[in-house]
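# Structural features, examined
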Amino acid sequence: MASGQGPVRDAWDKGRARAAAAAAAAGTNRGTTAGAPPGRPAAGRRGETAATPGNDDAAWLGLLALLHENIPSLVDDFMDEVQARSLYAGLPVDHDDIRRTAPQSFATLLSSIADPSADTAAMAQRLGARRAQQGVPLDALTEAVRIDLQLVWRQLNLLASPEQVGLVASRFEHVMRVLDSYVLAVQKAFLSEQAALARDARLGTERELAHLFNAPALSEAELERVAAAMGVATHEPFELAAFSNANAAEARRIAEDALVSGRVFSYAFRDIECLFWLRDTRPDAGRGTRTLPLLGAVPGVLIPASGVSDLPRAAATGRVVLEATPGIDRLRQVPELWAPLAAHALDSAAPGTVSELLSGLGDLEDYERERVLATARAYLETGSVKSAAELVFCHRNTVINRLAVFKAHTGLDLNLPRQAALAVVLLDAPGRPRP
């Protein structure tokens, strides 16, 4: 056990020196002879030496030294316990790795028990970081470290002579404090490494996403690398929710836990924020709000993507849709927004077309124009004069008269499907007043 001999030997020597000093000060060090093994009388039967603090310390260190010689046996028992409890079952921690680490861990514990000032940080750091890298659950690691104590305590009691049973019992609280300190050090190292790994993983994913969203085209190998960083397959379908800057902070707040866990990804695409996740393809799954229910109340647009390679297209679509629908009220799917999108496209292709087609309504008084528009919208929503009358609280004849006014000032007959469709587009155009 050369790897652990130094720290324990140093702790033992320091402890012997303190024990000898205490015994000398009390005038009771005559029960030992220079060169005799710690904790063993120079002559006479075991237990003849008077019980003093110095002799107790020497006997205690002697037991620890004997236990140190038995580390191979401790390791065998430890391996049996780990296997019996299936602590690392299904994890990338092989048998040899555990066996290599166990002697060092036992030696570190014994050195700290012998000398509380001994430095155990290096071993705790190595063990905690190594298990975090291997994906071992923290509770499994903690249980494994506590097995060390159980075995150490059991062996101490087996090695103790009848006269030393009380001595061992009196050190129980000390041993527990040492173990708790060691467990906390291992846990701290584990959590620190786990956080570092998560940061590195996020940074790696962010770099790959930046490449995905900004490169003109990616090869299959590059797409595979992006998908690997995300932990998905390249062909798996996604949903992408696009939000304007005004709503981005709220969307990220709602998705915070999912972002941290890696269930949801994010990317700032030009002047919008994109959140995206694997689509639930079950027939009854629905869209978007099943994944993040509260996100449905945030104004934005939800777009399907056929795979990793399709995400940039979905983001670009989201940007166009958000620009065309500034009055969007919640998370919407693109088909719901066909009318304002059509109006945006119409005005982009022929600027001023929407205003020109509706300009005739400017001849009406404000109050009359508002009533005509409200009635036209109600009729386009319901397709029924009766239902429209109920929505705008007027007589059916009044509805008919207002639709006639709308036709006279726009040239659009809402009873004709093609002209009604154009009217829907015009009235849903961005910036159009809604009475």
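Treat the numbers as computed from the prediction; the structure is a model and nothing was measured.

Tallying secondary structure elements over the chain gives 18 helices and five strands in all. In the chain, which comprises 435 residues, the share counted as buried stands at 43%. Of all intrachain contacts in the chain linking residues separated by at least 6 positions in sequence, the fraction that spans at least 24 positions is 69%. For the chain, the exposed area adds up to about 22,600 Å²; of that, 52% sits on carbon and sulfur atoms.

Turning next to the pattern of salt bridges. Going through the model one piece at a time under the given rule, you end up with 19 salt bridges. R131 is the salt-bridge partner of D97, the closest N and O atoms lying 3.5 Å from each other. Of this pair, D97 sits in helix 4 (residues 95–114) while R131 is found in helix 5 (residues 121–133), placing the two residues 34 residues apart along the sequence. Each member of the pair, D97 together with R131, is buried. The partner of D180 in a salt bridge is R146, with the nearest N and O atoms 3.7 Å apart. Taken together, the residues D180 in helix 8 (residues 172–214) and R146 in helix 6 (residues 138–159) connect sequence positions 34 residues apart. The exposure class of D180 is partly exposed, given its relative accessible area of 33%. Judged by relative accessible area, which is 33%, R146 ranks as partly exposed. The structure contains a network of salt bridges with shared partners spanning D329, R330, R332 and E336.

On to the side chain of E273. By the element assignment, E273 lies in strand 3 (residues 272–278). Accessibility expressed as a relative area gives 11% for E273, which makes it buried. A distance of 3.0 Å separates polar atoms of two side chains, one belonging to E273 and the other to R252. When residues no more than four places from it in sequence are discounted, the contact partners of E273 are A241, A242, F243, A248, R252, S266, Y267 and A268.

The next point concerns the nonpolar core. Counting residues in each nonpolar core, the largest one holds 48 residues, and the members touching the most others are W60, F78, Y88 and L156. Breaking this core down by element, the ones donating at least two residues are helix 2 (53–69), helix 3 (71–85), helix 4, helix 5, helix 6, helix 7 (165–170) and helix 8. If you tally residues by element for this core, the top one is helix 6, at ten residues. Residues in contact with L156, not counting those within four places in the same chain, are W60, L63, L64, L67 and V168. Membership of the second largest hydrophobic core comes to 31 residues, among which are L212, A227, I272 and A315.

Once that is clear, we can look at helix 9 (residues 220–230). Along helix 9, the residues classified as buried are L223, V226, A227 and M230. Projected onto a plane normal to the axis of helix 9, the buried residues spread over an arc of 95 degrees and lie on a single side. Seen from the buried face of helix 9, the exposed residues on the opposite side, beyond 90 degrees, are A221 and A228. For helix 9, the secondary structure elements touched by its buried residues are helix 8, strand 1 (238–244), strand 2 (265–269), strand 3 and helix 12 (311–324).

Burial in helix 18 (residues 417–427) covers these residues: A420, A423, V425, L426 and L427. On its buried side, helix 18 packs onto helix 13 (338–349), helix 14 (353–358), helix 15 (366–382) and helix 17 (396–410).

Within a regular beta strand, the side chains point alternately toward one face of the sheet and then the other, so they alternate between its two faces. Burial of strand 4 (residues 300–305) is extensive: five of the six residues sit out of reach of the surface. Pairing of strand 1 with strand 4 involves five bridges; the strand directions are antiparallel. Bridging across to strand 4, L240 finds its partner in I303. Both strand 4 and strand 5 (residues 331–333) contribute to a ladder of three bridges, which runs parallel. Residue pairing across strands places L302 opposite Q333, the latter belonging to strand 5. For the segment spanning strand 4, helix 12 and strand 5, crossover handedness is left-handed.

The rules behind these values
Residues numbered from 1 in each chain as written. Predicted model: local features only at pLDDT ≥ 70, side-chain atom pairs only at ≥ 80, totals over all residues. Heavy atoms only, no water. Helix = DSSP H or I, 4+ residues; strand = E, 2+ residues; numbered from the N terminus. Buried < 20%, exposed > 50% of the residue type's maximum accessible area, 1.4 Å probe, protein only. Contact = heavy atoms within 4.5 Å. Areas by Shrake-Rupley, 256 points an atom, 1.4 Å probe, with all protein chains shown as cover. Salt bridge = Lys/Arg side-chain N within 4 Å of Asp/Glu carboxyl O. Polar contact = N/O pair within 3.5 Å; in protein donor to acceptor, adjacent residues only side chain to side chain. Core = buried A, V, L, I, M, F, W, Y, C linked by side-chain atoms within 4.5 Å. Arc of directions from axis to C-beta. Pairing = 2+ DSSP bridges. Right-handed = clockwise from strand over helix to strand, strands pointing away.

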